[in-house]
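Single-letter residue listing:
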Amino acid sequence: MTFIPAIETRRARRALSTAPVSREEVETLLRAAHLAPSCNNSQPWRFVAVDEPAVLAQVKEALPGGNYWAKPAPVILAVASRRDLDCMLSDRRDYFLFGCGMAVGNLMIQATSMGLIAHPIAGYKPEQVKIALGIPVDYTLITLVIVGRPGDPSTLSDKHRAIELGPRDRRPLEAVASWNRFEFKDPAANADGGPAPSAHDGAAANAM
Ligand SMILES: Cc1cc2nc3c(=O)[nH]c(=O)nc-3n(C[C@H](O)[C@H](O)[C@H](O)COP(=O)(O)O)c2cc1C
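In this report, we go over the structure that sits alongside the text. Given the structure is predicted, the values throughout are model-derived calculations rather than measurements. (Residues numbered from 1 in each chain as written. Predicted model: local features only at pLDDT ≥ 70, side-chain atom pairs only at ≥ 80, totals over all residues. Heavy atoms only, no water.)

The subject of this paragraph is the site of the ligand. The environment of the ligand is made up of 13 residues, and the closest members are Ala12, Arg14, Asn67, His119 and Arg170. Arg10 places a polar side-chain atom, nitrogen or oxygen, 2.9 Å from an oxygen atom of the ligand. One nitrogen or oxygen atom from the main chain of Pro120 is found 3.4 Å from a nitrogen atom belonging to the ligand. Out of a free accessible area of 620 Å², the ligand has 60% covered by protein chains. Of the residues contributing to the shell around the ligand, the split by class is 5 nonpolar, 3 polar and 5 charged. (Near = heavy atom within 4 Å. Polar contact = N/O pair within 3.5 Å; in protein donor to acceptor, adjacent residues only side chain to side chain. Areas by Shrake-Rupley, 256 points an atom, 1.4 Å probe, with all protein chains shown as cover. Nonpolar A, V, L, I, M, F, W, Y, C, P; charged D, E, K, R; others polar.)

With that settled, the discussion passes to helix H5 (residues 126-133). An α-helical turn contains 3.6 residues, so any two residues separated by three or four positions project in the same direction. Considered for burial, the residues of H5 that qualify are Val129, Lys130 and Leu133. Looking down the long axis of H5, one finds its buried residues gathered within 100° of arc, a one-sided arrangement. Where the residues of H5 are buried, they touch strand S2 (46-50), helix H3 (53-61), strand S3 (75-81) and strand S7 (140-150). Downstream of H5 by one or two residues, Gly134 has phi in the positive range, about 70°. (Buried < 20%, exposed > 50% of the residue type's maximum accessible area, 1.4 Å probe, protein only. Helix = DSSP H or I, 4+ residues; strand = E, 2+ residues; numbered from the N terminus. Arc of directions from axis to C-beta. Contact = heavy atoms within 4.5 Å.)

All right, on to the packing of aromatic side chains then. Under the criterion given, the structure shown has 2 aromatic pairs. Their ring planes at 90° and their centres at 5.9 Å tell us that Tyr95 and Phe98 sit as a pair that is edge-to-face. On the basis of relative accessibility, which here comes to 23%, the residue Tyr95 falls in the partly exposed class. Judged by relative accessible area, Phe98 falls into the exposed class, the value being 52%. Judged by centre distance (4.9 Å) and plane angle (90°), the rings of Phe182 and Phe184 are edge-to-face. Looking at Phe182, the relative accessible area reads 61%, which means it is exposed. The exposure class of Phe184 is buried, given its relative accessible area of 17%. (Phe/Tyr/Trp six-rings, centres within 6.5 Å; stacked < 30°, edge-to-face > 60°.)

What follows concerns the packing of H3 against H5. Between H3 and H5, the shortest axis-to-axis distance is 8 Å and the interhelical angle comes to 165°. Taken together, the axis directions place H3 and H5 in an arrangement best described as roughly antiparallel. Considering only the axes of H3 and H5, their crossing is right-handed. Contacts between H3 and H5 involve Val55, Gln58, Val59 and Glu61 from the former and Gln128, Val129, Ala132 and Leu133 from the latter. Among the residues forming the contact of H3 with H5, the class breakdown is 5 nonpolar, 2 polar and 1 charged. (Axes fitted to C-alpha atoms, helices over the stretch in contact; angles between N-to-C directions. Parallel < 35°, antiparallel > 145°, perpendicular 65-115°, else oblique. Left-handed = near helix turned anticlockwise from the far one by under 90°.)

Structure follows, in structure tokens:
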């Protein structure tokens, strides 16, 4: 069984160098993202590529301590969208987050194949970044993608260095995929329909 190399080698790398990434390289990443499929070809993604030092510094000020590792990045991509920019179907099937995820997936694979790091994060103060970049309040700032070149793992915290140099961490396939019938016993969602806790009690007869 073989995987496309970029899928197999992509990791959420945190050891970044300050070496520049050219606008041409960034545009290649954005073009790869823009080739992603979307519902009714809505193309809901809006990217703001940040490489100007003063603006970059403002975005980095919105990172919490845990994302200290992103500070050397020469480029950060903001990914924003709005619910009505993509299909809104029954059963709460709003596709804008899905579409943007598809685009960022393409972008990460393209980056890996170019020897670059493209690490999406959710840990930032969204209002602060939206003001810094002029993103209207009715858009959701879905993620920041930290872009750069590989750096020195010794700059990382002990925890992050262990992750960086350790093996890939995934649940067994049978915990997330089954044949012919839904066989998962995820904990109940919160009353508001919010996310269930991460504990998992998966697996059964039809599990892969
Ligand atoms: C939507 C999203 C948000 C994430 N947020 C952060 C973050 O704020 N900080 C961080 O260090 N890593 C973040 N990550 C990276 C994940 O922790 C990482 O992808 C996961 O642990 C799996 O590791 P792998 O990508 O190397 O396989 C995020 C990833 C995604 C897709």
